[in-house]
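Structure assessment
Below are the chains, spelled out letter by letter.
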Amino acid sequence: MALVAWFQRARTRHPFLTGFCLALLALSVGLITRRLLASSLAQSGTDYIAFYRPEAESLLDGKGFTINGQIASRYPPGFSVLVAGALATGRAFNLSSAVAPAALALGTFVLSSLALFVLAETIHGSAWALVCFLLWICCPWISFLAAEPLTELPFCAILFAVLWLLVTAVKRECLTFSSALCIGLLTGADMLIRPIGLLLAP
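For the structure given in this document, a descriptive report is provided here. Since the model is a prediction, treat every value here as computed from it, not as a measurement.

Let's talk about the packing of helix α2 (residues 15-36) against helix α7 (residues 126-138)
- Two numbers describe how α2 lies on α7: the axes approach to 10 Å, and their chain directions differ by 20°. The pairing of α2 with α7 is recorded here as roughly parallel in orientation. The chirality of how α2 crosses α7 is right-handed. Packed against α2, whose contacting residues are Leu22, Leu25, Ala26 and Val29, the element α7 presents Leu130, Phe133, Leu134 and Ile137 at the interface.
- Residue composition of the contact of α2 with α7, by class: 8 nonpolar, no polar and no charged.

Given below as structure tokens:
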């Protein structure tokens with residue numbers, strides 16, 4: 001209880017510093033998980049290797065949403081665009097081909113963790129938000145997703161952001177045009193990452 005009380009005081013006095021510390025904690029968990037799963041990831045065949053990365057490389061080569069010359073219609077194109085952006089950034093800085101996907105996976109893990117924390121804090125306060133944050137980053141299935149770029153974490157990060165905007169609007173009893181626009185754009189982006197995002201449409 002003393003630790004929770006200390007965190008609540010720290011969150012009130014230093015919101016950005018506590019957010020930065022939470023981000024570092026999530027990043028540390030992601031790095032540890034990636035290190036532990038390095039050997040198994042090298043032998044696994046995932047949709048990232050079979051679909052998203054080839055499509056992203058085709059985008060960077062100017063061939064559009066194709067794989068081996070054929071239109072890639074198995075999954076929506078949103079995540080491939082994210083992968084292409086990560087790969088392009090890596091190439092711009094002359095980074096190893098393994099750095100960009102790792103940064104994408106870890107970045108979306110950190111963002112989804114922080115988005116969940118902010119959402120839970122808006123609903124239940126900082127104490128319960130901290131509990132939700134710790135349960136999220138310590139969940140084996142969630143931390144596994146930080147080991148390789150997959151669609152679940154960016155989808156969840158955007159979903160949590162949409163829910164936070166909705167909860168904030170309900171608490172204020174006012175939905176502004178800018179909030180409604182952001183909700184619509186983020187929901188559309190979620191649909192382009194995972195088809196289940198269609199369920200978010202009214």
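What follows picks up the thread again.
What about unusual backbone geometry?
- In this structure, Asn68 takes a positive phi of about 55° despite not being glycine.
- Even without being a glycine, Glu173 presents a positive backbone phi close to 55°.
- Within the secondary structure layout, Glu173 lies in the loop between α9 (152-172) and α10 (177-193).
- When its relative accessible area of 75% is taken as the criterion, Glu173 is described as exposed.

Considerations on the nonpolar core
- Core analysis: the largest hydrophobic core is formed by 25 residues, its most contacted members being Phe109, Phe117, Trp136, Ile137 and Phe160.
- Here the element with the most residues in this core is helix α6 (residues 99-124); it accounts for 8 residues.
- In contact with Phe160, other than residues within four places in its own chain, are Ser112, Ala115, Leu116, Leu119 and Trp136.
- Membership of the second largest hydrophobic core comes to 20 residues, among which are Ala72, Ala86, Leu159 and Ile193.

Quick word on the environment of Ala105
- Take Ala105: it is sitting in helix α6.
- A sequence separation of 51 residues divides Ala105 from Pro54, and the C-alpha atoms of the two residues are 17 Å apart.
- If sequence neighbours within four positions are ignored, Ala105 has contacts with Leu145, Ala146, Ala147, Glu148, Pro149 and Leu153.

A word on a nonpolar patch on the surface
- On the surface, a cluster of nonpolar side chains totalling about 450 Å² of accessible area is made up of Leu17, Phe20, Leu24, Leu27 and Leu31.
- On the secondary structure map, Leu17 appears in helix α2.

Regarding the packing of helix α4 (residues 47-60) against helix α5 (residues 78-92)
- The interhelical angle for the contact between α4 and α5, taken along N-to-C directions, is 65°, at an axis separation of 8 Å. The two elements α4 and α5 meet at a crossing, and its hand is right-handed. Here Tyr48, Phe51, Tyr52, Arg53, Glu55, Ala56, Glu57, Leu59 and Leu60 of α4 lie close against α5, whose contacting residues are Phe79, Ser80, Val81, Val83, Ala84, Leu87, Ala88 and Arg91.
- A class-by-class count of the residues in the contact of α4 with α5 yields 12 nonpolar, 1 polar and 4 charged.

Topic: the packing of aromatic side chains
- Under the defined criterion, the tally for this structure stands at 7 aromatic pairs.
- Relative to Tyr52, the ring of Phe51 has its centre 5.2 Å away and its plane inclined at 90°; by these criteria the two rings are edge-to-face. One exposure class covers both Phe51 and Tyr52, and it is buried.
- An angle of 90° between the planes, with centres 5.1 Å apart, marks the rings of Phe51 and Tyr75 as edge-to-face.

Considerations on the pattern of salt bridges
- Counted by the stated rule, this structure contains 4 salt bridges.
- Residue Arg74 is joined to Asp47 by a salt bridge in which the shortest nitrogen-to-oxygen separation is 3.8 Å. Of the two residues, Arg74 is situated in the loop between β2 (70-71) and α5 and Asp47 in helix α4; the sequence distance between them amounts to 27 residues.
- Exposure remark for Arg74: the relative accessible area of 57% places this residue in the exposed category.
- For Glu152, the salt bridge is made with Arg194, and the minimal N-O distance between the two is 3.4 Å. With a gap of 42 residues between them, Glu152 in helix α9 and Arg194 in the segment after α10 connect regions that are remote in the sequence.

About the cut-offs
- Residues numbered from 1 in each chain as written.
- Predicted model: local features only at pLDDT ≥ 70, side-chain atom pairs only at ≥ 80, totals over all residues.
- Heavy atoms only, no water.
- Axes fitted to C-alpha atoms, helices over the stretch in contact; angles between N-to-C directions.
- Helix = DSSP H or I, 4+ residues; strand = E, 2+ residues; numbered from the N terminus.
- Parallel < 35°, antiparallel > 145°, perpendicular 65-115°, else oblique.
- Left-handed = near helix turned anticlockwise from the far one by under 90°.
- Contact = heavy atoms within 4.5 Å.
- Nonpolar A, V, L, I, M, F, W, Y, C, P; charged D, E, K, R; others polar.
- Buried < 20%, exposed > 50% of the residue type's maximum accessible area, 1.4 Å probe, protein only.
- Core = buried A, V, L, I, M, F, W, Y, C linked by side-chain atoms within 4.5 Å.
- Patch = residues over 30% accessible without salt bridge, like charges linked within 9 Å, V, L, I, M, F, W, Y side chains within 5 Å.
- Areas by Shrake-Rupley, 256 points an atom, 1.4 Å probe, with all protein chains shown as cover.
- Salt bridge = Lys/Arg side-chain N within 4 Å of Asp/Glu carboxyl O.
- Phe/Tyr/Trp six-rings, centres within 6.5 Å; stacked < 30°, edge-to-face > 60°.

Geometric values such as these leave the question of function open.
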